[in-house]
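This is what each chain is made of:
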Amino acid sequence: MNCMDTRRRMLAEPNARDPEYRAHLDACASCRREWQRLQALDRRLAEALDVPVPEGLEARLRVARSVERKRERRQQWFGGLALAASLLVVAVLLYRPGGTPGGLPEVPMAHQVVLHILHEHAALKARRAVPEARVEALFRQFHLRLSGRLEGVTYARRCPMGHEDGVHLVVQGKAGPVTIFVMPGERVRRPQAVEARDLEGLIVPTGYGSIAVVGVASEPIGPILERVRNLVRPEGPSRTG
Amino acid sequence: MDMKAKDGLYEGLVSAYSRELYRFAYGLCGERAQSEDLVQETFLRAWRAIDQLQDAKAARAWLYTILRREYARLFQRQRPEARDPADLDFAGCRGYDTSTEAFVLRCALERISDDYREPLLLQVIGGFSCGDIADMLGLTPATVMTRVSRARRKLRELMERGEASRPRRKVARDNEGMPL
């Protein structure tokens, strides 16, 4: 490293630790003097900005935190209340005495899927693999079978889904947990998009009902959907509702 | 992270970094009240996002980055032309250290545009390397080295020529004030 390179380096990063740079400084008195001048400038600058911190700044930062925490708690309480209220509304809408619609409006399938995920959000946190046999047994309850292994299942449960029960699974995707609903009793005419906040997914028709696959927006759900669609087969004659 | 852990981490950050962040803020804006606002806003944002802080070692650079962004936002809200002219002249030259040299240096710093002053302050006050600064500012290390070099050269020129303490309006972010 020559003097010009050293001076250039010195201006950019006087305390650089490159061995070549340090060796040149040790060997060249002129560059060392220049380095000392720059060090002095930096030191003077740091001292000039060493202004006294306002009295009580740290205490005010702690008070600000306490105020913010109270605000967060209030917000969480209201948020929980709002979610409970929305679930109550959905429950009322879905309630059909004697199995008749009773004139109440149908809740769109995509909304039901999202509300189900929100209501059972603890499922998204499950990380322990569910035994394959348990998943297969769950499908058999619906006269369905798996033609191969479904990898990465961390949650598997029978859940009410619209008119009938279905299979609620969570698998671990590339960007996070992915929810799968296999809904033998729910028929959709064409694929439907599911979009809510940062969740995205798709509901598609199958011979026996429908499948919903929902993950975070960045999750490539296509391959998972295809995999589930190919794996899940009716046991014997398909259910026609 | 539970509330106790969050509280502990926040306390630690306040104790360890609030002073140096205040100095960095002062280096950026040159005003005491604004510096305190910047530090308060920085810590408030840090508290809200403290769960995202995976590595405590990264906390310092993270806080500096939050403060820089807050400053940029504040600067956008208060463009120099929109401020009271009485606040502009010598805005950065009112300090506590009354020595002439400190006064002149602060004035010189005020005359360097933000794009050059920020990396210099991150190095001199924060002690960050050019590589760290490049990560924080989203620039290449080579660009950071160029900016820091030019800032230092300009600072020295202003000091040597005795121009630093001349009254001057705060320079805008588009570098109109610093021929390099």
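Every chain begins its residue count from 1, and numbering advances along the sequence as written. Chain labels run from A onward and ligand labels from 1 onward, assigned in the order the entries are written. Only residues with pLDDT of at least 70 are given local features in this predicted model, and only at 80 or more are side-chain atom pairs given and counted; all residues enter the totals for whole chains, interfaces and linings. Each side-chain value is derived from all of the structure's non-hydrogen atoms; neither hydrogens nor water enter the calculation.

### What about the overall build of chain A?
Okay, step 1: Only DSSP runs of H or I reaching four residues or more are called helices, and only runs of E reaching two or more are called strands; each is numbered from the N terminus. Regarding its fold elements, chain A presents seven helices and eight strands.
Okay, step 2: In this scheme, a residue with accessible area under 20% of its type's maximum is buried, one over 50% is exposed, and one in between is partly exposed, where area comes from a 1.4 Å probe on protein chains only. Within chain A, the fraction of its 241 residues that count as buried is 41%.
Okay, step 3: Any pair of residues with heavy atoms lying within 4.5 Å of one another is described as a contacting pair. Pairs at least 24 apart in sequence give 49% of the contacts found in chain A among residues at least 6 apart.
Okay, step 4: Only the protein chains shown count as covering a residue, and every accessible area follows the Shrake-Rupley method with a 1.4 Å probe. Surface summary for chain A: the accessible area is close to 13700 Å², and the carbon and sulfur share equals 55%.

### Let's talk about the sheet that holds strand E7 (residues 210-216) of chain A
Residues and elements named next belong to chain A.
Okay, step 1: Only strands that DSSP links by at least two bridges are regarded as paired with each other. Read from one edge to the other, the open sheet built from six strands follows the order E2-E3-E4-E7-E6-E5, with strand pairing classed as antiparallel. Only two strands of the sheet have a single partner each, and these edge strands are strand E2 (153-161) and strand E5 (192-196). Between one strand axis and the next, the sheet turns by 20 degrees as a mean value, whatever way the strands run.
Okay, step 2: Summarising the sheet, strand E4 (residues 177-183) and E7 pair through five bridges and their orientation is antiparallel. Bridge assignment links Val182 to a residue of E7, and that residue is Ile211.
Okay, step 3: Packing against the sheet, helix H5 (residues 109-119) makes contact with E2, strand E3 (164-172), E4, E5, strand E6 (199-205) and E7, and its axis sits at approximately 45 degrees to E5.
Okay, step 4: In this description, a line fitted to the C-alpha atoms serves as the axis of each element, helices being fitted only across the stretch in contact, and the angle between N-to-C directions of two axes falls anywhere from 0 to 180 degrees. Each of E3, E4, E6 and E7 is contacted by helix H7 (residues 222-231), which is oriented at about 155 degrees to E7, the strand it contacts most.

### A few points about the nonpolar core
Okay, step 1: Nonpolar cores were defined as sets of buried Ala, Val, Leu, Ile, Met, Phe, Trp, Tyr and Cys residues, with membership established by side-chain atoms within 4.5 Å. Counting 67 residues, the largest nonpolar core has Val39(B) and Phe43(B) as its most contacted members.
Okay, step 2: Each residue touching Val39(B), except ones within four places of it in the same chain, is listed here: Leu57(A), Leu61(A), Ser18(B), Leu21(B), Tyr22(B), Ala25(B) and Leu67(B).
Okay, step 3: Counting 26 residues, the second largest nonpolar core, distinct from the first, contains Val178(A), Ile180(A), Val228(A) and Leu231(A).

### Quick notes on the packing of helix H1 (residues 3-12) of chain A against helix H3 (residues 29-48) of chain A
All names here are of chain A.
Okay, step 1: Following both chains from N to C, one finds H1 and H3 inclined at 10 degrees, their axes separated by 11 Å at the closest point. It follows from the interaxial angle that H1 and H3 lie roughly parallel. Residues Cys3, Thr6, Arg7, Met10 and Leu11 of H1 touch H3, and the partners they reach there are Ser30, Cys31, Glu34, Trp35 and Leu38.
Okay, step 2: By the convention adopted, Pro, Cys, Tyr, Trp, Phe, Met, Ile, Leu, Val and Ala count as nonpolar, Lys, Arg, Asp and Glu as charged, and the other residues, Gly among them, as polar. The residue makeup of the contact of H1 with H3, split by class, is six nonpolar, two polar and two charged. To sort the angles, those under 35 degrees are grouped as roughly parallel, those over 145 as roughly antiparallel, those from 65 to 115 as roughly perpendicular, and the leftovers as oblique.

### Quick look at the side chain of Glu219(A)
Residues and elements named next belong to chain A.
Okay, step 1: Mapped onto the elements of the fold, Glu219 is located in the loop between E7 and H7.
Okay, step 2: Summary of buried charges: Glu219 has no salt-bridge partner, and the nearest side chain of opposite charge, Lys174, is 6.9 Å away.
Okay, step 3: A distance of 2.6 Å separates a polar side-chain atom of Glu219 from the backbone nitrogen of Ala175.
Okay, step 4: Pairs of N or O atoms within 3.5 Å make up the polar contacts considered here, provided that, within protein, one atom can donate a hydrogen while the other can accept it, and that residues adjacent in sequence are counted only when both atoms are side-chain atoms. Within polar-contact distance, the side chain of Glu219 engages the backbone nitrogen of Gly176 at 3.3 Å.
Okay, step 5: Sequence-distant contacts of Glu219, defined by excluding residues within four places in its chain, comprise Gly173, Lys174, Ala175, Gly176, Val178 and Ile224. Neither His nor the chain termini are counted; the positive set is Lys and Arg, and the negative set is Asp and Glu. When a carboxyl oxygen of Asp or Glu is within 4 Å of a side-chain nitrogen of Lys or Arg, the pair counts as a salt bridge.

### A short note on the interface of chain A and chain B
Okay, step 1: Each partner contributes residues to the interface: chain A has 33 residues there, and chain B has 42 residues.
Okay, step 2: Values labelled buried area give the accessible surface lost by two parts on being combined, using a 1.4 Å probe and summing over both. Taken together, the two surfaces of chain A and chain B that pack against each other cover about 3600 Å², and 62% of this comes from carbon and sulfur.
Okay, step 3: Considering only the surface of chain A that becomes buried against chain B, Leu11(A), Leu49(A) and Leu61(A) emerge as the three largest contributors, covering 18% of it.
Okay, step 4: The interface formed by chain A and chain B includes nine salt bridges.
Okay, step 5: Between Arg23(B) and Asp50(A) there is a salt bridge, with the nearest N and O atoms lying 3.6 Å from each other.
Okay, step 6: Summed over the shared surface of chain A and chain B, the number is 16 residue pairs in polar contact (both at pLDDT 80 or more).
Okay, step 7: For the side of chain A that touches chain B, the secondary-structure elements that each account for two or more residues are H1, H3 and helix H4 (57-94) of chain A.
Okay, step 8: Looking at the side of chain A that touches chain B, the element that brings in the most residues is H4(A), giving 11 residues.

### A look at the confidence of the model for chain B
Residues and elements named next belong to chain B.
Okay, step 1: The predictor attaches a confidence to each residue, called pLDDT, with possible values from 0 through 100. Averaged over every residue, the pLDDT of chain B is 79; residues scoring 70 or more account for 76%.
Okay, step 2: No element of chain B has a lower mean pLDDT than helix H4 (residues 85-88), which averages 38, and none a higher one than helix H6 (residues 114-124), which averages 93.
Okay, step 3: Long-range and interchain partners of residues 79-95, a stretch whose pLDDT sits below 50, account for 30 contacts in this model, where long-range means more than four residues apart.

### Focus: the pairing of E7(A)
Residues and elements named next belong to chain A.
Okay, step 1: Among the seven residues that make up E7, six are buried, leaving the element largely enclosed by the rest of the structure.
Okay, step 2: Pairing analysis gives seven bridges linking E6 to E7, with the strands arranged antiparallel. Within E7, the residue paired with Val204 across the bridge is Ile211.
Okay, step 3: Count of turn residues in the E6/E7 antiparallel hairpin: four residues.

### Things to note about H5(A)
Okay, step 1: Here H5(A) lies mainly inside the structure; eight of its 11 residues are buried.
Okay, step 2: Here H5(A) has its buried residues at Met109(A), Ala110(A), Gln112(A), Val113(A), Val114(A), Leu115(A), His116(A) and Ile117(A).

### What to know about the environment of Arg9(A)
Okay, step 1: Relative to the helices and strands, Arg9(A) is located in helix H1.
Okay, step 2: The buried category is assigned to Arg9(A), whose relative accessible area is 14%.
Okay, step 3: Contact partners of Arg9(A), with chain neighbours within four places excluded, come to Met1(A), Pro14(A), Ala16(A), Asp18(A), Tyr21(A) and Met145(B).

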